[in-house]
Amino acid sequence: MRLIACLVLALASSLSITEAVTPIVLWHGMGDSCCNPLSLGAIKRMLEKQLPGVYVYSVQIGNNMVEDIENGFLSNANKQVEQVCQTIRADPKLKGGYNSIGFSQGAQFLRALVQRCPNPPMRNLVSIGGQHQGVYGFPRCPGTNVTLCNYVRELLNLGAYVSFVQNNLIQAQYWHDPLNEEEYKQKSIFIADINNELTVNRSYAANLQTLKNLVLVKFLSDSMVQPRESEWFGFYQPGQDKTVLPLRNTTLYTQDRLGLKAMDAAGKLKFLACEGDHLQFTDTWFTQNIVKPYLSN
Ligand SMILES: *[C@@H]1O[C@H](CO)[C@@H](O)[C@H](O)[C@H]1NC(C)=O
Ligand SMILES: *[C@@H]1O[C@H](CO)[C@@H](O)[C@H](O)[C@H]1NC(C)=O
Ligand SMILES: *[C@@H]1O[C@H](CO)[C@@H](O)[C@H](O)[C@H]1NC(C)=O
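Here's a quick rundown of the structure. Since we're looking at a predicted model, the values are computed, not measured.

### Description of the packing of helix H2 (residues 40-50) against helix H14 (residues 283-295)
For step 1, the next point in the chain: Between H2 and H14, the shortest axis-to-axis distance is 12 Å and the interhelical angle comes to 55 degrees. Looking at the two axes, H2 sits oblique to H14. You can see that H2 and H14 cross each other, and the crossing is right-handed. Touching Ile43, Met46, Leu47 and Gln50 of H2 are Asp283, Phe286, Thr287, Val291 and Leu295, all from H14.
For step 2, the next point in the chain: When its residues are assigned to classes, the contact of H2 with H14 shows six nonpolar, two polar and one charged.

### A look at empty space enclosed by the protein
For step 1, the next point in the chain: Under the definition given, this model contains two cavities of 30 Å³ or more.
For step 2, the next point in the chain: Volume-wise, the largest cavity comes out at about 120 Å³.
For step 3, the next point in the chain: Taken together, 14 residues form the lining of the largest cavity, with Met30, Gln131, Val135, Tyr174 and Met224 sitting closest to its centre.
For step 4, the next point in the chain: Residue composition of the lining of the largest cavity, by class: seven nonpolar, six polar and one charged.
For step 5, the next point in the chain: By volume, the second largest cavity amounts to about 40 Å³.
For step 6, the next point in the chain: Looking at the second largest cavity, the residues that line it are Trp27, His28, Ile61, Asp68, Asn71, Gly72, Gln80, Gln105 and Phe109.

Thresholds applied
- Counting restarts for each chain, with residues numbered from 1 along the sequence as it is written.
- Both sets of labels track the order of writing: A upward for chains, 1 upward for ligands.
- For this predicted model, a pLDDT threshold of at least 70 governs which residues receive local features, and a threshold of 80 or more governs which side-chain atom pairs are given and counted, while totals over whole chains, interfaces and linings are taken from all residues.
- No hydrogens and no water enter the side-chain calculation; it runs on all heavy atoms of the structure.
- Here the axes come from fitting lines to C-alpha atoms, over the contacting stretch only for helices, and the angles between their N-to-C directions go from 0 to 180 degrees.
- Secondary structure elements follow DSSP: runs of H or I of four or more residues count as helices, runs of E of two or more count as strands, with numbering from the N terminus.
- In these notes the angle categories are as follows: under 35 degrees is roughly parallel, over 145 is roughly antiparallel, 65 to 115 is roughly perpendicular, and the rest is oblique.
- By the definition used in this description, the sense in which the near helix is turned from the far one sets the handedness, with an anticlockwise turn below a right angle giving left-handed and a clockwise turn giving right-handed.
- For this analysis, residues touch if any pair of their heavy atoms sits within 4.5 Å.
- Under the convention adopted here, Pro, Cys and the residues Ala, Val, Leu, Ile, Met, Phe, Trp and Tyr are nonpolar, Asp, Glu, Lys and Arg are charged, and Gly plus all remaining residues are polar.
- Points on a 1 Å grid over protein atoms alone make up a cavity when a 1.4 Å probe fits among them but cannot get out, and a pocket when they form an open set with protein on both sides within 12 Å along at least five of seven lines; lining residues each have an atom within 4 Å of a point.
- Grid points are joined across faces, edges and corners, and a volume is the space filled by probe spheres set on the points.

Written out as structure tokens, the structure reads:
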């Protein structure tokens, strides 16, 4: 009898250990895919090793890796967020909630997800080099597909807010032209919307504030994101493209259109600086600064 009780107890405690690890959703960046063994595949393996029993879902848009990469350029971010919302809602392993890690543009997509799709709940959102105020420049294009990159440049040169470009090119959907703030607010179908630029959607702010932490990682020598401060929610002062305002000096913050000021006051905004270029971090850095503090329970 005693032995059986012990066994039941042991089983229960081992179950509770596995259940205690919050599942993780990953969203890859531009030029990358869900499962590249050298990028997100490696991150997934590392998480599974460090957090035994964890369930990791890495977002794939399209039916295979080639489509997944192409959809990082020629697609519609709003549709992708809606699609991922349906996928995670239908996943029984995520119904109790999840943590998420977004890489580069994947980070702003995950933020749209928490703002628009509050169930199941996202606990912590880790943004690794995400561009939360958008970008004004396209200095480098990752990946090896030169044809695709040149096409993206041609489209951006046509004009990010030209409706055909805006609706079909992901990078145009987070293009933020500080010289034409009004046009940006009116015509950006994605980043201006999730940042409550034109109108304030109260549910966006309310949903964002349900996060335990919004962890914003900025790369100090980032040569891909213009301006780098966008990784910490800062941006150019409107009307010019030289002076960069940190988040706390922007109207987005001072008017608290998105609840960021309230989150800051509650200690939920974490600003992490990482040495190196875009997405260049070591396993040790990732373990110490991301896995241990934010993903371990
Ligand atoms: C706020 O956003 C949600 C999700 O996108 C949308 O369903 C809702 O209509 C929006 N509310 C307003 C007032 O625009
Ligand atoms: C590059 O992208 C274009 C457009 O999506 C595609 O047609 C082509 O097959 C790709 N090339 C390679 C080498 O993947
Ligand atoms: C941001 O605001 C602080 C406090 O008001 C001020 O001291 C600082 O100069 C501002 N920074 C910029 C870049 O405007």
